[in-house]
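# Examining the three-dimensional arrangement
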Amino acid sequence: MNTELTGIIATFLLTMVIAIPLGKYLAKVFAGEKVWTDFLKPLETGIYKLSGINVKEQMNWKQQLKALLTINVVWLVYGFFVLIFQNKLPFNPDGNPGMTPDLAFNTIISFVANCNLQHYSGESGVSYLTQQYVLMFLQFVSAATGIAAAVVFFKAFRDKTATELGNFWEFFVKSITRLLLPLSFVMALILSFNGTPASYEGKDQFISLQGDTVHVSRGPAAQMIAIKHLGTNGGGYFGANSAHPFENPSYFTNMVELIAQVIIPVAMVIAFGYFIRRKKLAWTIFGVMTIGLFMLLIPMLSSELAGNPALAKMGISQGTGAMEGKEVRFGPAASAYWATVTTIISTGSVNSMHDSSMSMSGTWQLLGMMINSFYGGCGVGLLNYFIYLVVAVFISGLMVGRTPEFLGHKVEAREIKIAAIITLLSPFLILAGTAVASYIFTNYGNAAWAVQPKNWLNNPGFHGFSEMLYEMTSSNANNGSGFEGLGDNNMFWNLSTGIVIFLGRFLPIIGPVAIAGLLGAKKFIPESAGTLKTDTKTFALMTFAVILVLNALSYFPALALGPLAEYFTH
Amino acid sequence: MKPNNKLFEASMVQTALKQSFIKLDPRVMVRNPVMFTVEIGTLVMAYVTVYSFSRSGQGSPLYNFFIFLVLLLTVLFANFAEAIAEARGKAQADSLRKTREETPAKVLLANGTIEIRSSNQLKKGDVFICVTGDTIPTDGEIIEGIATIDESAITGESAPVIRESGGDKSSVTGGTKVLSDEIKVQVSTAPGESFLDKMIALVEGASRQKTPNEIALTILLASFTLVFIIVCVTLKPFADYANTPITIAALISLFVCLIPTTIGGLLSAIGIAGMDRALRANVITKSGKAVETAGDIDVLLLDKTGTITIGNRKATNFYPTAGLNIKAFIDACVLSSLADETPEGKSIIELAAEQGFKAAGTTEGSAFIKFTAETRSSGLDTADGRRIRKGAFDSIRNMVQKAGNHFPSDIENHVKTIATNGGTPLVVSENEKALGVIELQDIIKPGISERFERLRKMGVKTVMVTGDNPLTAKYIAEKAGVDDFIAEAKPEDKMNYIKDEQAQGKLVAMMGDGTNDAPALAQADVGVAMNSGTQAAKEAGNMVDLDNDPTKLIEIVEIGKQLLITRGTLTTFSIANDVAKYFAIVPALFIASIPALQSLNIMDLHSPESAIMSAVIFNAIIIPILIPLALKGVAYKPIGATALLRRNLFIYGIGGVVAPFIGIKIIDLLVGLFV
């Protein structure tokens, strides 16, 4: 078999070998059962004492969400001011300037929301202080926020009827001490031994053979790159993200980074099943998500490996597949695999330029972000999936002649209302955002803005439309990758995507947690022969159909005008 | 009453057609958000049609008018679906109401005189008198007397029933006929407020409230509609970006095709049809919710007698008193039963024949004594002076002891043993001397265990309620195949059982008729009161069964399930349809300026205009095509939830994807002939 394919199959298998036991471990950690990392307890107790947290205090779903939102607001305010005043603060050896307020607005929301859409370039846009104590710090806590929210959701279904869903702070702290911190530590070491810098010194320089002086940015990168993947953040240390030779020096580190971004989302699914003692349900969900992964990956692989038909027409041989925008050390297969996982999971780091992918690949990347729940981001992927599940449960419950129920709790008007709003939210943010951008581009191209709207797009036409659609989709999915080719560091894009990221982050956390909280508090109905089981292949198929149909119906016209039109035209 | 099974009748269709237009009133339409948006779209198209006469850029006036017409039809079809469902329900209710045409009532005034009044002038609390041959003017409760009544006008059952004051069978229904005796009846409902009147109001829509499940589905459908509003509104700037002008007709057509009009148009018809199906089963429901809840029932409480066992028992043994020859005893038994037409009487003769006995005596010249509710015994007086009686233990004992004779203790013992074994003792006497006991045993209804099996597959647990002792109860429960039983049941036992099950989160249904059933009927999630039952029972339950048929609960559960399934499958079908509609309309929208998108025109439709027309036509006509299914309901099959989901997903999901591809293509071929 082709070495490139062997490489990605090995990567996938290794991911599962790590993720599945990790899921079982997480279920135990959050259930408070004995695990080998219990030696970290004193550290946690210290943190609780220091911050005055009483972890025995039980919270209902509203209190959980209040805690979650409060702490996120604190980080928003803190980060915003550091970003603006970073030039006046220490650890800025390269003398990078403070951010403009609109860029700071966008950047801080983006990092608090685990999105990491970057309208700045790491080398010249931020100081080491910002990288370490704002951005990397947020990469830890935003991932932990998502995981803690998911654990609250787990809690609602563990017991027959539950109103007390544990303590948010405990889940949050444990997500860091028992999961993110130890794994990041190991991964940062692997990266720094493989060539990623981890230094506090400023730019290095050398004189090239041509005689030019080349300034080489460096800094405390390895630790950030570790958490950027483990926490499905995706915000790179350097502007070129994981295509940068420091950020991703070799095929080996590429594998490590690929594995790192998938393990926690997969582990959360497994943990869900073990935590609520319904393993089969977890495997069913895992099955749907994995099939989703392959359905997006396989066509992308085939078009990337086949090469660019436009080049083929010119008689240029492309033995290695479509290489434009790709790194030679990774090749098209590993790049396609990366592009798939980074879009279905909300990482958004890139090891190749998605702008240069084949046009149909753009469709799959967009679709992956629109669905946003084939594994999905840390914790939040499962929450997104839950919304689809509620819709599937409702419709199929009716189809078998019973008031719909999920895990023994009746799904009624109130839950459907919340699910409906969340279902509505993504198409609204993505399509309305893109529509506003298109409208301004078409009608106010010459507006006297700092960056004129007509100069936003590198490639007007269908591809330019895809660039705008991609930016909004990535923001809503809290993915953070860019199609690039879009002039995005300006007032319009900073503000619009900032708002989309914010709404696309917090409403899809509030919604599922609220539904779970409401359902969990309802009377438990024991299963009978008439009960629709949610852990069967048939129901998995139903959920898959709901995911596919809902997304296809919402986005088909937009996709038709973007990547599909491009594909059929060329 | 004969259920009317024809789906459409000319008169109904006429009313429904008229109603379809009346329902266009936006104040009515707004109750259905999906169809309301279509109505708005129709109005916009009317404007565009007029506009396109004078200005260009929005397509030809003819084309716009055509789209306007199809959209109007879509709304009308949806209204028609609702109207025809209402008309059917009303017709059904009317045929019930006909039984209570104006009848003169003999009202008993406070001073004791009798005044003749028309039935519709009767007020709640009035007392009237009915004698043999009278038609009962309105619903009421017997306060004095006992009578046999012909209820065939309501139930279709020809056998007369006994109704008497004080007991659990004290209710009489307007339109039924008194066959014997005289009763004093108190009017229980004010005119226009009987259960039937309430149900008619429910069907007619004025007081129809959406059920919780219907509300949830409406929310979901409304959110899909909103998604498609977003899709269509944003398409305008997208198209401007791509330099593709889109006509308003095309945008509105796309929108109307995408929103779930099929289910949106049929939703209320499905709900009404559910209540109507209940009514056809002769069950009056007090709310649509009750029918829906019936589909969710987990536990069914069933009375043994009449439900699980045939009300009639069969003779199984003869026990003569000590010292009496068995032959002589059987002879007396047979004599007493020769003229007895009841199934019990016949079974006694059968049993005697089985034991090789033939009547020795002759009945010539004998006088037969019929069973009455007073004496609770029957028999005959032969020409040679034998007075043979058979009847209930206590009534015969009274008779014997009144005549000053001793009632043998061995007979009393037999009576006890028979009773403890779940049987009914029938004591036989001659010339006021007790001869012995005939044992009657319960006979389990044929086919009942299959019905329980069916219920088990639906996930419904059946519980038998009986006054029998636990041993007998267990015996019958096992034989009939029920899952559980409550023996020696007192009314509060039923209540406690229901509460226990409900505490575990289960939904319980029960049927009852007595006043002492009322609390349990109210407690149960679905309480079906028999029409013959007391007013209290009927008030407490949420359904009334006109047939007084205890097995009706099983049908009610299926009707409830059917209702939900019909909603679910048509929702799936409606949404699945959109896939094909996209492939028809999206390429049609852009093909002029992006010829490459011709590749998406996988149905190879004639032209952009014909593609759009075909899609909206399909979208409109699918509604009337599905009306029969919405009214009849999608069949429920007890094959387990997962298998049922697989089946319905296959038929209505895959079918829903495929059908419009074929339908739109065929319509396009036809449209292509004219365009």
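Residues numbered from 1 in each chain as written. Chains lettered and ligands numbered in written order. Predicted model: local features only at pLDDT ≥ 70, side-chain atom pairs only at ≥ 80, totals over all residues.

## Overview of the overall build of chain A
When helices and strands are counted, chain A shows 18 helices and four strands. For chain A, whose C-alpha radius of gyration is 23 Å, the value lies close to the compact-globule estimate of 25 Å for 570 residues. Seen through its C-alpha atoms, chain A measures out along the principal axes to roughly 75 × 55 × 55 Å. Per-residue burial for chain A yields a buried fraction of 59% across its 570 residues. (Helix = DSSP H or I, 4+ residues; strand = E, 2+ residues; numbered from the N terminus. Rg over C-alpha atoms; globule rule 2.2 N^0.38 Å. Buried ≥ 20, exposed ≤ 12 C-beta atoms within 10 Å, placed from the backbone.)

## Some remarks on the UniProt feature "binding site: ATP" (unreviewed entry) in chain B
Residue and element names in this part refer to chain B. UniProt marks Asp340, Glu344, Phe371, Thr372, Ala373, Glu374, Thr375, Arg376, Ser377, Ser378 and Lys390 with the feature "binding site: ATP" (unreviewed entry), using the numbering shown here. Structurally, Arg376 is set in the loop between β12 (367-369) and β13 (377-381). Owing to 14 C-beta atoms within 10 Å, Arg376 belongs among the partly exposed residues under this scheme. Assessed through the 22 C-beta atoms surrounding it within 10 Å, Ser377 is described here as buried. (UniProt positions renumbered as here; feature names shortened; annotations may be inferred.)

## What about the domain arrangement of chain B?
Domain assignment breaks chain B into domain 1 (10-93 + 199-281 + 562-674), domain 2 (295-309 + 444-546) and domain 3 (316-440). Relative to domain 3 of chain B, the C-alpha centre of domain 2 of chain B lies at a distance of 34 Å. (Domains from an automatic or database assignment.)

## Structural notes on unusual backbone geometry
Residue and element names in this part refer to chain B. We note that Asn243 has phi near 60 degrees; this positive angle belongs to a residue other than glycine. Looking at the secondary structure, you find Asn243 in the loop between α7 (212-241) and α8 (248-258). Owing to 10 C-beta atoms within 10 Å, Asn243 belongs among the exposed residues under this scheme.

## A word on α8 of chain B
Among the eleven residues of α8 of chain B, ten are classified as buried, and the element is accordingly described as predominantly covered. Residues Ile248, Ala249, Ala250, Ile252, Ser253, Leu254, Phe255, Val256, Cys257 and Leu258 of chain B constitute the buried set of α8 of chain B.

## Notes on the packing of helix α7 (residues 168-193) of chain A against helix α8 (residues 222-230) of chain A
Residue and element names in this part refer to chain A. Where α7 contacts α8, the axes come no closer than 8 Å and their chain directions differ by 130 degrees. The angle between α7 and α8 falls in the class oblique. Note on packing geometry: the crossing formed by α7 with α8 is right-handed. Within the contact between the two elements, α7 uses Leu180, Leu183, Ser184, Met187, Ala188, Leu191 and Ser192 and α8 uses Ala222, Gln223, Ile225, Ala226, Ile227 and Leu230. Looking at side-chain class alone, the contact of α7 with α8 contains ten nonpolar, three polar and no charged residues. (Axes fitted to C-alpha atoms, helices over the stretch in contact; angles between N-to-C directions. Parallel < 35°, antiparallel > 145°, perpendicular 65-115°, else oblique. Left-handed = near helix turned anticlockwise from the far one by under 90°. Contact = placed C-beta atoms within 7 Å. Nonpolar A, V, L, I, M, F, W, Y, C, P; charged D, E, K, R; others polar.)

## Topic: the interface of chain B and chain A
Chain B puts 59 residues into the contact, and the matching count from chain A is 53 residues. Those elements giving two or more residues to the side of chain B that touches chain A turn out to be α7, α15 (448-458), α20 (552-590) and α22 (641-674) of chain B. Class assignment of the residues belonging to the side of chain B that touches chain A gives a composition of 32 nonpolar, 17 polar and ten charged.

## Looking at the UniProt feature "binding site: Mg(2+)" (unreviewed entry) in chain B
Residue and element names in this part refer to chain B. According to UniProt, the positions carrying the feature "binding site: Mg(2+)" (unreviewed entry) are Asp513 and Asp517. Considering the arrangement of structural elements, one finds Asp513 in the loop between β19 (508-512) and α18 (518-523). Given 27 C-beta atoms within a 10 Å radius, Asp513 is considered buried. In this structure, Asp513 is in contact with Asp168, Lys169, Ala529, Met530, Ser532, Gly533, Thr534 and Ala537, ignoring residues within four places of it in sequence. Position of Asp517 among the secondary structure elements: in the loop between β19 and α18. Classification of Asp517 as buried rests on a count of 27 C-beta atoms within 10 Å. What Asp517 contacts, discounting residues up to four positions off in sequence, is Pro491, Gly512 and Ala537.

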